[in-house]
Amino acid sequence: MLTLNRVIPMLAAVTPGEGLFALTAAARITVTPETPELLAIGGRLAELLRPATGFALPLTAGSPQVPGDIHLAITDADPALGSEGYALTIAADGITLTAHRPAGLFYGAQTVRQLLPAAIEQQSVQPGPWEIPAGTIRDAPRFAWRGAMLDVARHFFSVLDVQRYIDLLAAYKLNRLHLHLADDQGWRIEIKSWPNLAHHGGSSQVGGGRGGYYTQAEYAALVRYALDRHIVIVPEIDMPGHTNAALAAYPELNGDGIAPPRYTGTEVGFSSLCTEKELTYRFLDDVLRELAALTPGPYLHIGGDEAAATPEPAYIRFIERVQAIVAQHDKQMIGWEEVAKATLRPEAVVQFWTPRPEGYALACAAAQDGAQVILSPATKTYLDMQYDPTTPLGQHWAGYVETQAAYNWDPTTFIPGLPAANILGVESPLWTETAETFDDLAFLAFPRLAGHAEIGWSPAEGRWWEDYRVRLAAHGPRWDALGVNFYRSPQAPWTADPKK
Ligand code: TNX
C-alpha cells in the first residue's frame with residue numbers, strides 16, 4: 001500500500017502530490033555543502049538502503065541533482081525548521097531533503113527509510129519495487145528531550161547490545177540515551193582514580209552472573225557511536241542510595257568502614273554512601289570529574305531516587321553539595337524527582353517518575369525552582385512493566401502497561417499544575433531486573449517505545465490511537481527483518497507482508 005501515512009513518529013505536516021518516486025539502480029545520494037558531517041549522514045542513508053536494494057547508491061558531494069537522485073542540503077531558507085526539523089519533497093524526478101542543521105537531515109533520512117517498503121530493512125537483496133508516493137513533508141519535533149534509559153547495572157549489556165539499541169532509538173528520532181551506570185548490583189564504568197569500582201563493583205549482577213563494565217575507551221566509543229546518530233548519552237551514577245556496589249568496593253565509603261558483600265537481589269532502598277564523611281565528597285568529585293571528561297553532552301545524572309537509608313535532612317544537604325560539584329565540572333545536574341526536596345539550581349533538570357501526589361508535588365516544586373522536567377511516569381513509560389499478567393518478563397508494581405495505555409497520554413496534561421514551559425520532554429526507562437539478553441530488552445521496549453517516540457516528536461493534535469495502531473502494525477515486518485524480538489500486542493493488527 002503506497003502511503004505517506006506510515007511514519008512513526010507521525011509527521012507534523014504532509015501534503016500528498018501526484019505520481020510517485022521510484023528508487024532505481026541509477027540513483028545517487030548527493031549532499032551540499034560538502035562537509036564531513038553531511039557526507040556521514042548521506043553515507044549512513046546509503047548504507048541503510050544498499051543491502052535490500054542491491055543498488056550502488058554512490059555518494060557524491062555538491063553535484064547538481066540528476067533525475068532519480070536523493071539530494072540532501074543544508075539551507076538557510078527556512079530557519080523555522082529549528083535545529084532538528086526538515087523538509088522533504090518527493091517527486092517523480094527525485095527526492096530533496098533540506099534542513100537548517102545536520103540533525104534535521106539525519107531525521108529526514110530516517111523518514112525516507114520508513115517511507116520505503118518494510119523489505120528495505122532486509123540484509124539481502126529483495127525484489128522491490130522501491131516506490132514512495134509523491135508529496136511534501138515538513139516535520140519538526142514537539143519536545144527537545146526524546147529519551148530512552150537503559151539500566152546496565154542490574155544486568156550488564158555489552159557494547160554491541162547498546163549499539164544495537166542506539167540504532168533502534170535513532171530510527172524513531174529519539175535523541176537521548178540515559179545510561180544507568182551504577183546501582184546496588186553493579187558499577188559499570190571504569191573510574192581510573194578509584195579502580196576497584198569497576199574491578200570489584202562491576203563483577204556482579206542480579207542473579208549472580210559475571211556482570212561487567214565498560215572501559216573508558218569503550219565508553220568513549222559508545223558516546224561517539226551515539227553522537228554519529230544524533231543521540232546524546234546521559235550518564236547516571238545513582239547516589240546516595242543504590243550504591244552497594246561502590247560500598248562493596250571501598251569500605252571507607254561506609255559509615256562503619258566495613259564493606260558489605262556484593263548484592264545480587266532486587267530489593268531497593270537499603271544502601272547509602274556516608275553523607276557525613278568528607279571522603280564521600282572527594283570520591284564523588286573524582287567520579288564526576290572523570291565522567292564529565294568522557295561526556296561531550298551538557299548533563300550528568302546523579303540519580304537521587306529511593307534513598308530510604310539516608311535521613312531526609314542529610315539527603316537534602318547531600319544533593320545540594322553534589323549539585324555544586326556537578327556545576328564545578330561545567331555540567332547540568334539531572335536527578336530523579338526526589339532531588340526536588342533540595343533547593344535546586346535553576347539549570348537543574350528533574351526526572352518525574354511517580355504518578356502519585358508526592359511525585360506531582362515534587363515535579364511542581366522543581367518547576368518553581370526554575371528546573372526543567374522530564375516525564376517518565378511509571379504507569380506509561382516504564383518499559384519494565386509487564387504488558388499484562390501473562391507477560392513472561394517484567395514487573396507490575398506500577399500496573400500492567402499495554403501498548404494503547406503506553407500511547408494514550410499527553411505530557412502537558414499529565415501532571416496537574418506543571419507549566420508546559422517547564423516540560424523538557426519524555427523518557428522511557430528500561431530497568432533490567434528481569435531482562436538479561438538483547439531479545440529481552442527488545443521484547444519489553446517494542447512496540448511501546450515507538451509510541452513514546454511519537455509522543456515526544458509529533459504534534460498532540462491529529463495523533464490518535466486508531467490511526468497509530470495501523471501505522472504501528474506496519475512496523476512489525478521491519479522489526480522482523482531487523483531481528484527485533486518485539487511483543488505482538490493483540491491491540492495492533494500485525495501483518496507479515498514485507499511489501500507493506
Ligand atoms: C524504581 S524508578 C526504581 C528502580 C527500579 C524500578 C523498577 C526509579 C527512579 N527507581 O530502582 O529498577 O523501580 O521498576
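Here the structure is a predicted model, which is why all the values come from computation and not from measurement.

Looking now at helix α14 (residues 448-457). In terms of burial, α14 is a largely internal element, ten of the ten residues being buried. Arg 448, Leu 449, Ala 450, Gly 451, His 452, Ala 453, Glu 454, Ile 455, Gly 456 and Trp 457 are the residues of α14 that are buried.

What follows is about the sheet that holds strand β3 (residues 59-61). Taken together, the seven strands give an open sheet; going across it, the order is β1-β7-β5-β6-β4-β2-β3, and neighbouring strands pair in mixed fashion. Only two strands of the sheet have a single partner each, and these edge strands are β1 (13-23) and β3. Taking the axes of each pair of neighbouring strands and ignoring which way they run, one obtains an average angle of 20 degrees across the sheet. As defined by bridge partners, strand β4 (residues 70-74) adjoins strand β6 (residues 94-99) across five bridges and the pair is classed as parallel. Bridge pairing links His 71 to Thr 96 in β6. Contacting β1, β2 (29-32), β3, β4 and β7 (130-139), helix α1 (residues 36-53) crosses the sheet at an angle of about 170 degrees to β2.

Let us now look at helix α2 (residues 102-115). Taking 1.5 Å of rise per residue, the 14 residues of α2 would be expected to cover 20 Å, and the 20 Å separating its terminal C-alpha atoms lies within 8% of that figure. Extensive coverage of α2 is indicated by the burial of 14 of its 14 residues.

So, on to the packing of α14 against helix α15 (residues 465-473). One way to put it is that α14 packs onto α15 with a least axis distance of 11 Å and a crossing angle of 130 degrees. Here α14 is positioned oblique relative to α15, judged by the angle of their axes. For the pair α14 and α15, the crossing hand works out as right-handed. Residues Ala 450, Gly 451 and Glu 454 of α14 lie in contact with α15, whose contacting residues are Tyr 468, Arg 471 and Leu 472. When its residues are assigned to classes, the contact of α14 with α15 shows three nonpolar, one polar and two charged.

For any two aromatic rings, the description comes down to two numbers: the centre-to-centre distance and the angle of the planes. What the rule picks out here adds up to 29 aromatic pairs. Taking 5.4 Å as the distance between ring centres and 75 degrees as the angle between the ring planes, the aromatic pair formed by Trp 409 and Phe 414 counts as edge-to-face. Since its relative accessible area comes to 16%, Phe 414 is described here as buried. Taken together, a centroid distance of 6.3 Å and an interplanar angle of 50 degrees make the contact between Trp 479 and Trp 494 tilted. Taken together, the residues span a long stretch of sequence, with Trp 479 in helix α16 (residues 476-482) and Trp 494 in the segment after α16 at a distance of 15 residues. Each of the two residues, Trp 479 as well as Trp 494, counts as buried. When the ring centre of Tyr 107 is taken as origin, the NZ or CZ atom of Arg 146, which lies over that ring, is 5.5 Å away. Taking the ring centre of Tyr 281 as reference, the NZ or CZ of Arg 321 above it sits at 3.8 Å.

Tallying each qualifying case throughout the model produces 24 salt bridges. Between Asp 410 and Arg 142 there is a salt bridge; the shortest N-O distance is 2.8 Å. Taken together, the positions of Asp 410 in the loop between α11 (403-407) and α12 (411-414) and Arg 142 in the loop between β7 and β8 (145-151) put the pair 268 residues apart, joining distant regions of the chain. On the basis of relative accessibility, which here comes to 15%, the residue Asp 410 falls in the buried class. Look at Arg 142 and you get partly exposed, because its relative accessible area is 27%. Residue Arg 321 pairs with Glu 278 through a salt bridge whose shortest N-O separation is 2.9 Å. With Arg 321 in helix α8 (residues 312-328) and Glu 278 in helix α7 (residues 278-293), the pair connects residues that are 43 residues apart, well separated along the chain. In this structure Glu 278 comes out as partly exposed when scored by relative accessible area, which is 44%.

Criteria and cut-off values
Residues numbered from 1 in each chain as written. Predicted model: local features only at pLDDT ≥ 70, side-chain atom pairs only at ≥ 80, totals over all residues. Heavy atoms only, no water. Buried < 20%, exposed > 50% of the residue type's maximum accessible area, 1.4 Å probe, protein only. Helix = DSSP H or I, 4+ residues; strand = E, 2+ residues; numbered from the N terminus. Pairing = 2+ DSSP bridges. Axes fitted to C-alpha atoms, helices over the stretch in contact; angles between N-to-C directions. Contact = heavy atoms within 4.5 Å. Expected span 1.5 Å × (residues − 1). Parallel < 35°, antiparallel > 145°, perpendicular 65-115°, else oblique. Left-handed = near helix turned anticlockwise from the far one by under 90°. Nonpolar A, V, L, I, M, F, W, Y, C, P; charged D, E, K, R; others polar. Phe/Tyr/Trp six-rings, centres within 6.5 Å; stacked < 30°, edge-to-face > 60°. Lys NZ or Arg CZ within 6 Å of the ring centre and 35° of its normal. Salt bridge = Lys/Arg side-chain N within 4 Å of Asp/Glu carboxyl O.

In short, geometric facts, not functional conclusions.
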